[in-house]
Amino acid sequence: MTEHAANAAGPKVYVLTTGGSIDKIYTLQGEMEIGPPAAGELLERAGVTSYSIVPMLTKDSLDVTAEDRDRLAELVNGCPPGAAVVITHGTDTMPQTGRHLLEHISATPTRPSCSPEPCSRLP
């Protein structure tokens, strides 16, 4: 886990990374592989100063299993109340993971819903 907290209250944004297109890189041989999470650089560019990156998986989304989705839901449910939670995920199986999270994330007053958003390659 990588933390970047601008204050003693701790991170305000938790980024759970699963791999996918946003973290794919091309080797010199032209092969694709999952690289380190790109989220930190993107958050810095956006001016976000208080975040924690939790590298959960380094998989193509086609390789994400039911057990991975269960673990992801557990991690979301374990984030502090009031924290924003962002999950990076590849596009191929995002609908399946989104449905799973909708069924398994505990709704609270500070975490009322789950809203899957599309993924993008690293700019």
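Computed from a prediction, not measured in an experiment: that's the story for all the values here.

### Considerations on the overall build of the protein chain
Working step 1: Counting its secondary structure elements, the protein chain contains three helices and six strands.
Working step 2: Within the protein chain, the proportion of its 123 residues that are buried is 39%.
Working step 3: Intrachain contacts of the protein chain at a sequence separation of at least 6 include 73% that bridge at least 24 residues.
Working step 4: Put simply, the protein chain shows about 7100 Å² of open surface, and 55% of that area lies on carbon and sulfur atoms.

### Observations regarding helix H2 (residues 66-78)
Working step 1: For H2, spanning 13 residues, the distance from its first C-alpha to its last is 18 Å, which sits close to the expected 18 Å at 1.5 Å a residue.
Working step 2: Among the residues of H2, Asp68, Arg69, Leu72, Ala73 and Val76 are the ones counted as buried. The arc that holds the buried residues of H2, viewed along the axis, is 140°, so those residues lie on one side. Away from its buried face by more than 90 degrees, H2 exposes Glu67, Glu74 and Gly78.
Working step 3: If you follow the buried residues of H2, they end up packed against strand S2 (13-19), strand S5 (51-59), strand S6 (84-88) and helix H3 (94-104).

### Some thoughts on the confidence of the model for the protein chain
Working step 1: When pLDDT is averaged across the protein chain, the result is 80; 77% of the residues are at 70 or more.
Working step 2: Within the protein chain, H2 carries the highest mean pLDDT (93), whereas strand S1 (residues 2-4) carries the lowest (61).

### Some points on the nonpolar core
Working step 1: Leu16, Val54, Met56, Leu57, Val64, Leu72, Ala73, Val76, Leu101 and Ile105 form the largest nonpolar core, which has ten residues in total.
Working step 2: Residues Val13, Val15, Leu43 and Ile53 belong to the second largest nonpolar core, which totals six residues.

### What about the side chain of threonine 17?
Working step 1: Considering the arrangement of structural elements, one finds threonine 17 in strand S2.
Working step 2: With a relative accessible area of 1%, threonine 17 lands in the buried category.
Working step 3: Each residue touching threonine 17, except ones within four places of it in the same chain, is listed here: Asp23, Pro37, Ile53, Val54, Pro55, Met56, Leu57 and Thr88.

Calculation notes
- Residues numbered from 1 in each chain as written.
- Predicted model: local features only at pLDDT ≥ 70, side-chain atom pairs only at ≥ 80, totals over all residues.
- Heavy atoms only, no water.
- Helix = DSSP H or I, 4+ residues; strand = E, 2+ residues; numbered from the N terminus.
- Buried < 20%, exposed > 50% of the residue type's maximum accessible area, 1.4 Å probe, protein only.
- Contact = heavy atoms within 4.5 Å.
- Areas by Shrake-Rupley, 256 points an atom, 1.4 Å probe, with all protein chains shown as cover.
- Expected span 1.5 Å × (residues − 1).
- Arc of directions from axis to C-beta.
- pLDDT = per-residue confidence, 0-100.
- Core = buried A, V, L, I, M, F, W, Y, C linked by side-chain atoms within 4.5 Å.

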